[in-house]
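So the chains spell out like this:
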Amino acid sequence: MGFTAIKFLLLVVALGVSVNAEVEFFFHSPSDSDVLHDLDIEIGHTSAVVLQANSVFTKDTNLSFVYEKSKSTHSDKLSYDLSSPTVKDGVTTWRLTMHAHNPGYVTFTLQAVNGSTHNYSTEESYIRVQLYHSQAINVVSQVIGWIYFVAWSISFYPQIYINFRRKSVIGLNFDFLLLNVLGFLCYSVYNISLFWIPTVQREYHQAHPHDVIPVEVNDVVFALHAFFITCVTIGQTAIYERGTQKVSKICIGIASLAVLAIFIFIILAAVPSVATFNWLSMVYGFSYVKLGITIIKYMPQAWMNYRRKSTVGWSIGNILLDFTGGTGSILQMLLLAYNFNDWASIFTNPAKFWLGALSILFDILFMVQHYILYRNRLEDYERI
């Protein structure tokens, strides 16, 4: 075969690759070229984004967008103006001006490219748009979020200090400690799995396309810290005076059922034949165990205080900080629900809502016991 024929074949192959190559679309901000998937716009304001394709498109190309999850081409929350395409160095760009009309959440997605012979991918061409009433409310919500994060994080230390000062754990219910450490173990697994493990993250994105994984680094830090510091408190029960206190048979039975459920979740996720139960399902199972434990974990301590007619040995500092954290958590949810007109989120995130609500209810009970019912009780060592 001659040299000219070889060049001709290479040209044909190159053209074939060029024609069949998949063109990628993605959004970015006008100021940089990083892929953009999240955008916040205050009601009554506009925001500009750039849609870019790594190939040449003409003005005859018609782009079609939808607002997920309704798949509608129109939305009462968001509208846009699309500019004509510009081409430079083989790259085509369009400028979109987004107009925010009503609060809420919208996933804005490129659905189709009409009038083009290119093979194209729209997998990365979406933006999660958050439309809100006021930026000031967002700032207040973030401040409250850090306040309740700090309050909940340090709420463990007053109990450790009072145990150390008294050199005694009499008055601190051991059932509460066992349930608490098991609950935070499950919560740690839940957060670590969603934050760090690629398999779980991939299954989450398959189940919830374009959604953000609902776990951040502070969630992981809080869960691990809570588990560790609860272990420290349990360690104090081994070295300080404890009287006749021990874990009840009822609590051992409940904890055993929780551990059995955890092992069942792991086995179901590990067996390939159980297609409907994957690793993400296992992670959700851990969160349900945590929620169940939270519902009952304060009951043994409240009953113990009632039976002793005393709160001596049970730190009120722990309760006050826990009350601050629970109140802050609920208040933040209410602020966000108003700002984004998303009241359903309060009930679609039941774990966070009930964690806060149950904490508040039991904290009020403990404060009534400490400051009203048993406020004149001196420290003693009744039989318990």
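On a predicted model such as this, the values are computed, not experimentally measured, just so you know.

Colleague: Explain the overall build of the protein to me, please; I cannot follow it from the model alone.
Modeller: Tallying secondary structure elements over the protein gives 12 helices and 10 strands in all. The buried share of the protein, reckoned over its 384 residues, is 44%. A fraction of 77% describes how many contacts in the protein between residues 6 or more apart in sequence connect residues 24 or more apart. About 20,500 Å² of surface is accessible on the protein, with carbon and sulfur atoms providing 64% of the total.

Colleague: I tried to follow the packing of aromatic side chains on my own but got confused; where do I start?
Modeller: Within a pair of aromatic rings, the relevant descriptors are the distance that separates the centres and the angle that separates the planes. Taken as a whole and assessed by the stated rule, the structure comprises 26 aromatic pairs. Members of the aromatic cluster, joined through ring pairs, are Trp146, Tyr148, Phe149, Trp152, Phe156, Phe184, Tyr187 and Phe222. Over the face of the ring belonging to Tyr306 we find Lys309, whose NZ or CZ atom lies 3.9 Å from the ring centre.

Colleague: In this structure, what is going on with the packing of helix α2 (residues 135-154) against helix α10 (residues 316-339)? I would like to understand it.
Modeller: The axes of two packed helices give the description: the angle between them and the distance between them. Where α2 contacts α10, the two axes come as close as 8 Å, and the packing angle between them is 155 degrees. Taken together, the axis directions place α2 and α10 in an arrangement best described as roughly antiparallel. As for the relative orientation of α2 and α10, their crossing is left-handed in sense. Its residues assigned to classes, the contact of α2 with α10 comprises 13 nonpolar, 10 polar and 1 charged.

Colleague: Would you explain the side chain of Gln236 in this entry?
Modeller: With respect to the helices and strands, Gln236 occurs in helix α6 (residues 217-239). Residue Gln236 is classed as buried on the basis of its relative accessible area, which comes to 7%. In this structure the side chain of Gln236 is engaged in a polar contact, spanning 3.1 Å, whose partner is the backbone oxygen of Ile160.

Colleague: Got a minute to help me understand the environment of Trp146 in this structure?
Modeller: Here Trp146 lies in helix α2. Using a relative accessible area of 53% as the deciding quantity, one classes Trp146 as exposed. Separated by 182 residues in the primary sequence, Trp146 and Gly328 place their C-alpha atoms 9.1 Å from one another.

Colleague: What's the story with the sheet that holds strand β8 (residues 104-114) in this structure? I'm lost.
Modeller: Paired through backbone hydrogen bonds, the strands of a sheet run either parallel or antiparallel to each other. Across the sheet, which stays open at both edges, the 4 strands sit in the order β2-β10-β8-β4 with mixed pairing between neighbours. Of all strands in the sheet, those bounded by a partner on one side alone are β2 (38-42) and β4 (62-68). Between one strand axis and the next, the sheet turns through 30 degrees on average, direction left out of account. Note that β8 and strand β10 (residues 126-132) share 6 bridges and pair antiparallel. Bridging across to β10, Thr109 finds its partner in Tyr126.

Colleague: Before we go on, may I ask you to explain the nonpolar core in this structure?
Modeller: Counting residues in each nonpolar core, the largest one holds 35 residues, and the members touching the most others are Leu194, Phe222, Met282 and Val289. Elements with a contribution of two residues or more to this core: α2, α4 (174-196), α5 (198-207), α6, α7 (249-270) and α8 (279-296). The element contributing the most residues to this core is α4, with 7 residues. Not counting the four nearest positions on each side in its chain, Phe222 is found in contact with Phe149, Trp152, Ser153, Phe156, Phe184 and Tyr187. One finds Phe25, Leu39, Leu63 and Phe108 within the second-largest nonpolar core, a separate group that totals 25 residues.

Colleague: Any chance you could explain the side chain of Thr61 here in plain terms?
Modeller: Checked against the element boundaries, Thr61 lands in the loop between β3 (46-53) and β4. Assessed through its relative accessible area of 11%, Thr61 is described here as buried. Ignoring anything within four residues of it in the chain, the contact list for Thr61 reads Val113, Asn114 and Gly115.

Colleague: Would you explain the pattern of salt bridges in this entry?
Modeller: Should their charged atoms come close, side chains of opposite charge can pair. Throughout the structure, instances matching the rule amount to 2 salt bridges. For Asp38, the salt bridge is made with Arg128, and the minimal N-O distance between the two is 2.8 Å. One end of the pair, Asp38, is in strand β2; the other, Arg128, is in strand β10, with 90 residues separating them in the sequence. Residue classification places Asp38 among the partly exposed positions, given a relative accessible area of 43%. Of the charged contacts in the structure, one is a salt bridge between Lys77 and Asp76, with a shortest N-O distance of 4.0 Å. Residue Asp76 is classed as exposed on the basis of its relative accessible area, which comes to 52%.

Colleague: Looking at this structure, how should I read α10?
Modeller: In an α-helix there are 3.6 residues to a turn, and that puts residues three or four apart on one side. The first and last C-alpha atoms of α10 sit 34 Å apart over 24 residues, in line with the 34 Å expected at 1.5 Å per residue. With a side-chain oxygen positioned 3.2 Å from the backbone nitrogen of Gly317, the residue opening α10 is Ser315. Phi turns positive one or two residues past the end of α10, at Asn341, with a value near 50 degrees.

Rules used in this analysis
Residues numbered from 1 in each chain as written. Predicted model: local features only at pLDDT ≥ 70, side-chain atom pairs only at ≥ 80, totals over all residues. Heavy atoms only, no water. Helix = DSSP H or I, 4+ residues; strand = E, 2+ residues; numbered from the N terminus. Buried < 20%, exposed > 50% of the residue type's maximum accessible area, 1.4 Å probe, protein only. Contact = heavy atoms within 4.5 Å. Areas by Shrake-Rupley, 256 points an atom, 1.4 Å probe, with all protein chains shown as cover. Phe/Tyr/Trp six-rings, centres within 6.5 Å; stacked < 30°, edge-to-face > 60°. Lys NZ or Arg CZ within 6 Å of the ring centre and 35° of its normal. Axes fitted to C-alpha atoms, helices over the stretch in contact; angles between N-to-C directions. Parallel < 35°, antiparallel > 145°, perpendicular 65-115°, else oblique. Left-handed = near helix turned anticlockwise from the far one by under 90°. Nonpolar A, V, L, I, M, F, W, Y, C, P; charged D, E, K, R; others polar. Polar contact = N/O pair within 3.5 Å; in protein donor to acceptor, adjacent residues only side chain to side chain. Pairing = 2+ DSSP bridges. Core = buried A, V, L, I, M, F, W, Y, C linked by side-chain atoms within 4.5 Å. Salt bridge = Lys/Arg side-chain N within 4 Å of Asp/Glu carboxyl O. Expected span 1.5 Å × (residues − 1).

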